[in-house]
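Results of the structural survey
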Amino acid sequence: MHLERATPASRDIQLMATCLCDAFFDDVAQATVEVLEHLGCTVEFPEDQTCCGQPAFNAGDWNASRKVVRHGLSVFKGDKPVIVPSGSCAAMNFHGALLEFEKEPDLPAVQQMAGRTWELADYIVNGLGVTEWPGKFPHRVALHRSCHLRGTPSGEAALTLLNSIEGIEVVPFGEAEQCCGFGGAFSVSFPNVSKAMGQLKVEHILEVQPEYLAALDMGCLLHIGGIIDKENKGLPRLHLAQILRDALKG
Amino acid sequence: MVSPKTFQQIDKTARDMERGVHDSIHNGAKVTSEKRYATLWHDYPDPDKLRELAGKIKQHTLEHLDEYLPKAEAALKGNGAQVHFASDGDKANEIILKIMQQNGCKKMVKSKSMVSEEIHLGPYLEKNGMECLETDLGEFIIQIDDDHPSHIVKPIIHKNRRDVAKSFEREGLGDYNDDPETITRRARQFLRHKYLEADVGLTGGNFVSAESGRIVLITNEGNARFCMAATKIHIAVIGIEKLVPSDRDLALYLNLIARSGTGQQLTVYSQFINGPKAPNQPDGPEQMHVIFLDNRRTDVLASDCREILRCIRCGACLNVCPVYRQAGGHAYRSVYPGPVGAVLSPLLAGSRFPELADLPKASSLCGACNEVCPVNIPIPDLLLRLRDKGKREHAKAASAGTPPMGMYALLASQPHAWRGAMVMGKTVDYAPQALMNIVPAAQAWTSVRKLPPWRGGKFRHWMKSRNKAG
């Protein structure tokens with residue numbers, strides 16, 4: 001499901017901030033820009049961007065989803081790498097969209113976009129060849145393995161970066177391969193199963209007493225965080241980009 | 001915490017499940033998943049490469065079924081077997097009944113066969129005056145309980161030994177005793193006589209080599225062998241997708257299926273059946289009949305979900321699936337539960353697709369099923385394709401509880417409106433909801449989770465202000 005891309009990747013990039021960062025998690029998008037700029041990237045943020053189309057794609061409304069994807073294609077023009085601080089939105093670009101455009105005449109445009117889309121950690125480690133991160137982050141961090149990283153190099157890349165930070169302790173927890181239960185519309189249409197999955201995930205994470213929960217996808221963190229907050233468990237969440245940015249400051 | 005309201009049957013089943021049943025399923029699935037992982041990764045440096053290869057060989061076989069099926073037929077006939085083709089379940093049942101009637105048979109012993117469940121063979125034979133006894137311990141318990149299997153490999157994963165002990169006591173198979181060894185001993189004692197009394201042994205087939213016509217059967221109880229030991233006739237009813245090109249390929253599949261299904265290196269018994277009793281052999285069935293069943297498999301082959309026919313029925317996707325672990329197999333209302341069932345069952349349902357169109361929705365699309373599948377079926381992709389099909393065909397079961405996407409798509413393709421909605425999100429209700437696609441069911445979200453504060457437009461503002469400053 002993951003495409004081979006030319007490396008080293010260009011540092012002249014377009015940022016796809018994702019709708020969740022647009023609506024809720026502005027600091028994640030901001031941290032992403034700061035991290036990319038630290039790496040010497042020139043960040044272009046196409047103003048007309050909205051969403052990758054994943055909500056409708058997963059819900060089965062491919063007509064609606066294609067409409068949104070087509071809008072995205074018109075916004076992210078050119079051949080700069082498209083950097084996405086979300087495993088699932090990136091996978092929408094390089095996998096999901098290919099599925100729903102299989103029989104569409106504009107499939108080549110989707111393929112072109114797929115071929116230059118990178119999830120953030122994958123871009124840093126495999127696109128730019130950066131495997132060591134400067135600064136300090138003296139905390140215990142549990143890293144949630146977001147499902148859309150399966151079959152991509154992003155999970156390994158994130159671990160490489162985190163483990164290279166001075167002072168950090170990445171703590172493993174039980175049943176890490178299990179989904180948190182978000183799944184977009186799934187969390188709404190199957191609320192009881194979703195809840196049970198989320199609570200199981202939270203139990204496993206809290207068991208190892210981390211100071212922070214980290215992930216590469218704000219969808220997962222919206223869901224896991226929502227349960228943590230509803231149950232007043234008080235565990236703060238950070239996107240990988242925020243840890244990298246904070247390490248630079250530390 | 002109050003259980004959230006739900007419109008989906010699988011979600012309801014999970015919500016209403018008794019704790020004890022839930023724990024049996026959850027723990028059983030989890031433990032087997034862990035065993036699978038340990039065995040595969042202990043024995044092979046890169047099991048994923050094996051899964052990919054096994055997937056390719058199966059896919060190749062399916063795409064050349066028009067060549068391999070006649071080849072298998074010829075080889076089977078050469079071995080002395082009689083070959084039948086059944087276009088659907090009714091035809092297969094008729095063929096089986098006819099074989100029994102023509103040979104004056106009354107009693108059948110049956111080794112576990114998913115296909116016979118699929119075509120409802122047991123009830124059909126009983127209706128026609130035949131006795132049909134399940135001999136796989138789990139299936140035997142299902143039969144005496146008048147229950148349905150809830151797992152492909154472990155049909156009674158939803159029961160515990162106390163449940164089984166009660167059933168045995170009720171059926172007059174001894175006093176209450178929930179010691180597994182005692183239960184097994186009692187079942188064995190009961191079944192041994194039945195094997196001797198039976199005229200026909202019915203099995204499925206895990207693999208059929210097109211090259212040699214060898215049928216491969218794997219079991220852990222040896223019951224498939226007993227079904228053929230004393231009976232005059234062996235009938236194997238097999239889906240047309242069970243072919244592999246040659247005997248050589250079996251090494252790969254036998255090594256994968258046991259490790260994937262139960263975490264064993266090999267199952268206890270692997271049988272290679274080369275035909276009926278040869279003249280110089282003292283025992284064995286005098287007749288062997290092989291029934292190749294289509295039952296809409298060629299329709300599936302012609303669809304954009306054909307990869308699902310690679311499935312070798314190991315059950316690994318059920319065990320790893322977080323939804324299966326919460327809802328169990330009965331929730332899927334079909335013979336094939338779990339992720340594989342969520343794809344296969346609606347497809348095999350034909351015109352009854354709308355009734356099972358909710359099955360492909362019962363997934364967070366986490367991809368764990370794909371990751372463990374010994375034939376590397378891209379199950380999440382197939383679930384998505386069936387979601388699209390359900391939507392296009394207006395299947396009500398599929399759309400129940402899923403928010404409509406029209407408003408979201410409209411907003412997300414109009415950048416000015418989108419930016420406005422971002423800033424206005426706090427006051428305009430539809431904005432955040434359309435974004436998160438929780439329009440009619442915001443309550444379903446917030447009854448178990450909190451939403452973070454709305455910060456729409458903040459990032460755009462920051463980006464703009466520093467561009468100006470720069």
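Numbers given to residues run from 1 along each chain, matching the order in which its sequence is written. Each chain takes a letter, starting from A, and each ligand takes a number, starting from 1, following the order in which they are written. Confidence filtering applies because this is a predicted model: local features only for residues at pLDDT of at least 70, side-chain atom pairs given and counted only at 80 or more, and all residues used for totals across whole chains, interfaces and linings. Calculation of side-chain values draws on the structure's entire complement of heavy atoms; hydrogens and water are dropped beforehand.

1. Here's the deal with the overall build of chain B
- A count of helices and strands for chain B gives 24 helices and ten strands.
- Overall size of chain B, expressed as C-alpha extent along the three principal axes, is 95 × 55 × 45 Å.
- Counting over 470 residues, chain B shows a buried share of 58%.
- Residue pairs in contact within chain B that sit at least 24 positions apart in sequence constitute 73% of those at least 6 positions apart.
- Surface summary for chain B: the accessible area is close to 19900 Å², and the carbon and sulfur share equals 51%.
- Taken together, the 63 basic and 53 acidic charged side chains of chain B have centroids lying 9 Å from each other. A run of H or I in DSSP counts as a helix once it spans at least four residues, and a run of E counts as a strand once it spans at least two, with each numbered from the N terminus. Here's how the labels work: a residue is buried when its accessible area is under 20% of the maximum for its type, exposed when over 50%, partly exposed in between, all with a 1.4 Å probe on protein chains only. Contacts are assigned to residue pairs that have any heavy atoms within 4.5 Å of one another. Residue-level accessible areas treat just the shown protein chains as cover; the underlying method is Shrake-Rupley with a 1.4 Å probe. Here Asp and Glu are counted as negative and Lys and Arg as positive; His is not counted, and neither are the chain ends. Working definition for charges: the position is that of NZ of Lys, CZ of Arg, CG of Asp or CD of Glu.

2. A short note on the overall build of chain A
- The helix and strand inventory of chain A stands at twelve helices and eight strands.
- Atoms counted for the radius of gyration: C-alpha only. Globule rule: 2.2 Å times the number of residues to the power 0.38. The C-alpha atoms of chain A give a radius of gyration of 17 Å, which matches the 18 Å a tight globule of 250 residues would have.
- Taking the principal axes of its C-alpha atoms as reference, chain A extends roughly 50 × 45 × 30 Å.
- Summed over all atoms, the accessible surface of chain A reaches about 8200 Å², with 50% contributed by carbon and sulfur.

3. Here we look at helix H16 (residues 338–348) of chain B
Residue and element names in this part refer to chain B.
- In terms of residue burial, H16 counts as a mostly covered element, since eleven of its eleven residues are buried.
- All buried positions along H16 are accounted for by Gly338, Pro339, Val340, Gly341, Ala342, Val343, Leu344, Ser345, Pro346, Leu347 and Leu348.
- Its buried side turned inward, H16 meets helix H6 (114–118), helix H13 (297–302), helix H14 (316–320), helix H15 (322–327), helix H17 (368–372) and helix H18 (379–392).
- Phi for Gly350, located one or two positions after H16, is positive at around 60°.

4. Brief notes about the domain arrangement of chain B
All names here are of chain B.
- Where each domain begins and ends is defined by an automated method or by a domain database. Annotation of chain B at the domain level lists domain 1 (9–32 + 299–399), domain 2 (44–295) and domain 3 (406–469).
- Its C-alpha centre places domain 1 at a distance of 23 Å from the equivalent point of domain 2.
- Facing the 34 residues of domain 1 at the interface are 36 residues of domain 2.
- Across the domain 1/domain 2 interface, buried area totals approximately 2900 Å², and carbon plus sulfur atoms make up 61% of it.
- Contact with domain 2 buries area across many residues of domain 1, yet Ile312, Arg313 and His330 alone supply 20% of it, more than any other trio.
- Salt bridges are identified by distance alone: a Lys or Arg side-chain nitrogen within 4 Å of an Asp or Glu carboxyl oxygen. For the pair domain 1 and domain 2, the number of links is one salt bridge.
- Side-chain atoms alone can form a polar contact between residues adjacent in sequence; in general such a contact is a pair of N or O atoms within 3.5 Å, and within protein one must be able to donate a hydrogen while the other accepts it. One can count eleven residue pairs in polar contact (both at pLDDT 80 or more) joining domain 1 with domain 2. A quick way to say it: buried area is the sum, across both parts, of accessible area lost when two parts are put together, with a 1.4 Å probe.

5. Observations concerning the interface of chain A and chain B
- Contacts between chain A and chain B engage 70 residues on the former and 76 residues on the latter.
- Summed over both sides, the interface between chain A and chain B buries roughly 6300 Å², with carbon and sulfur atoms accounting for 62% of that surface.
- When the buried area of chain A at its contact with chain B is split by residue, Phe24, Val188 and Phe190 of chain A rank highest and sum to 10% of it.
- Taken together, chain A and chain B are joined by ten salt bridges.
- One salt bridge connects Lys464 of chain B with Glu47 of chain A, and the closest N-O pair in it is separated by 3.7 Å.

6. Observations concerning the pairing of strand S6 (residues 215–219) of chain B
All names here are of chain B.
- Among the five residues that make up S6, five are buried, leaving the element largely enclosed by the rest of the structure.
- Of the two faces of S6, both are covered, the one formed by Ile215, Leu217 and Thr219 as well as the one formed by Val216 and Ile218.
- Two strands qualify as a pair provided that DSSP identifies no fewer than 2 bridges between them. Pairing of strand S5 (residues 207–209) with S6, which is carried by two bridges, proceeds in the antiparallel orientation. Along S6, the bridge assignment pairs Val208 with Ile215.
- The antiparallel hairpin formed by S5 and S6 contains five residues in its connecting segment, where Gly213 sits at a positive phi of about 75°.

7. A word on the nonpolar core
- For this analysis, a nonpolar core means a set of buried residues of the types Ala, Val, Leu, Ile, Met, Phe, Trp, Tyr and Cys, connected via side-chain atoms within 4.5 Å. If you look at the biggest cluster of nonpolar residues, it comprises 141 residues, and the most contacted ones within it are Leu125 and Phe292 of chain B.
- When near neighbours in sequence (up to four residues on either side) are disregarded, Phe292 of chain B contacts Leu69, Leu76, Val83, His84, Phe85, Ala86, Val208, Ile238, Ile240 and Leu243 of chain B.
- In terms of nonpolar packing, the next biggest core, distinct from the first, is built from 85 residues, Ala17, Ala64 and Met218 of chain A together with Trp454 of chain B among them.

8. Focus: the domain arrangement of chain A
Residue and element names in this part refer to chain A.
- As assigned here, chain A comprises domain 1 (12–127) and domain 2 (140–249).
- Here the C-alpha centre of domain 2 lies 21 Å away from the C-alpha centre of domain 1.
- With 26 residues of domain 1 at the contact, the number on the domain 2 side is 21 residues.
- For the domain 1 and domain 2 pair, buried surface summed over both sides reaches about 1900 Å², with 72% attributable to carbon and sulfur atoms.
- Taken together, the links from domain 1 to domain 2 amount to two salt bridges.
- With its nearest N and O atoms 2.8 Å apart, the salt bridge here joins Arg245 to Asp27.
- Taken together, the connections running from domain 1 to domain 2 amount to nine residue pairs in polar contact (both at pLDDT 80 or more).
- Among the elements that make up the side of domain 1 that touches domain 2, the one with the highest residue count is helix H2 (residues 26–38) (seven residues).

9. A short note on unusual backbone geometry
- Omega for the peptide link from Thr7 of chain A to Pro8 of chain A comes to -5°, which places this bond in the cis form.
- Relative to the helices and strands, Pro8 of chain A is located in the segment before strand S1 (12–15).
- Phi is positive for Asp146 of chain B, close to 55°, though the residue is something other than glycine.
- Within the secondary structure, Asp146 of chain B is located in the loop between helix H8 (137–145) and helix H9 (161–170).
- Taking the relative accessible area as the measure of exposure, Asp146 of chain B reaches 70% and is therefore exposed.
- In this structure, Asn295 of chain B is a non-glycine residue whose phi angle is positive, near 50°.
- Along the chain, the position of Asn295 of chain B falls in the loop between strand S10 (287–293) and H13.
- A residue is classified by how much of its surface remains accessible, and Asn295 of chain B, at 13% relative accessible area, is buried.

10. Notes on the pairing of strand S2 (residues 107–110) of chain B
All names here are of chain B.
- As paired strands, S2 and strand S3 (residues 131–134) are joined by four bridges and run parallel to one another. When the sheet's bridge partners are listed, Met108 is paired in S3 with Cys132.
- Pairing of S2 with strand S4 (residues 200–203) involves three bridges; the strand directions are parallel. For Met108, the partnering residue across the bridge sits in S4 and is Val200.

11. Topic: the pattern of salt bridges
- Throughout the structure, instances matching the rule amount to 45 salt bridges over all chains.
- The partner of Asp122 of chain A in a salt bridge is Arg5 of chain A, and the shortest N-O contact between them spans 2.8 Å. One end of the pair, Asp122 of chain A, is in helix H7 (residues 120–127); the other, Arg5 of chain A, is in the segment before S1, and 117 residues separate them in sequence. Arg5 of chain A carries the same exposure label as Asp122 of chain A, and that label is buried.
- Across the salt bridge formed by Glu134 of chain B and Lys110 of chain B, the nearest N and O atoms sit 2.4 Å from each other.

12. A closer look at the sheet that holds strand S7 (residues 233–239) of chain B
Residues and elements named next belong to chain B.
- Read from one edge of the open sheet, six strands run S1-S10-S7-S4-S2-S3, paired in parallel fashion. What marks the edges here is a single partner per strand, and that holds for strand S1 (82–86) and S3. For this sheet the average axis-to-axis angle between neighbouring strands, irrespective of direction, equals 20°.
- A fitted line through C-alpha atoms serves as each axis, taken over the contacting stretch for helices, and the angle formed by two N-to-C directions is quoted from 0 to 180°. Sheet strands in contact with helix H10 (residues 180–197) are S2 and S3, and its direction is about 140° off that of S3.

13. A look at the sheet that holds strand S6 (residues 169–170) of chain A
All names here are of chain A.
- Taken in spatial order, the four strands make up an open sheet running S6-S5-S7-S8, and their pairing is parallel. Every other strand in the sheet has two partners, leaving S6 and strand S8 (237–239) as the edge strands with one partner each.
- The sheet contact formed by strand S7 (residues 212–215) and S8 spans three bridges and is parallel. Among the inter-strand pairings, Ala215 is bridged to a residue of S8, identified as His239.

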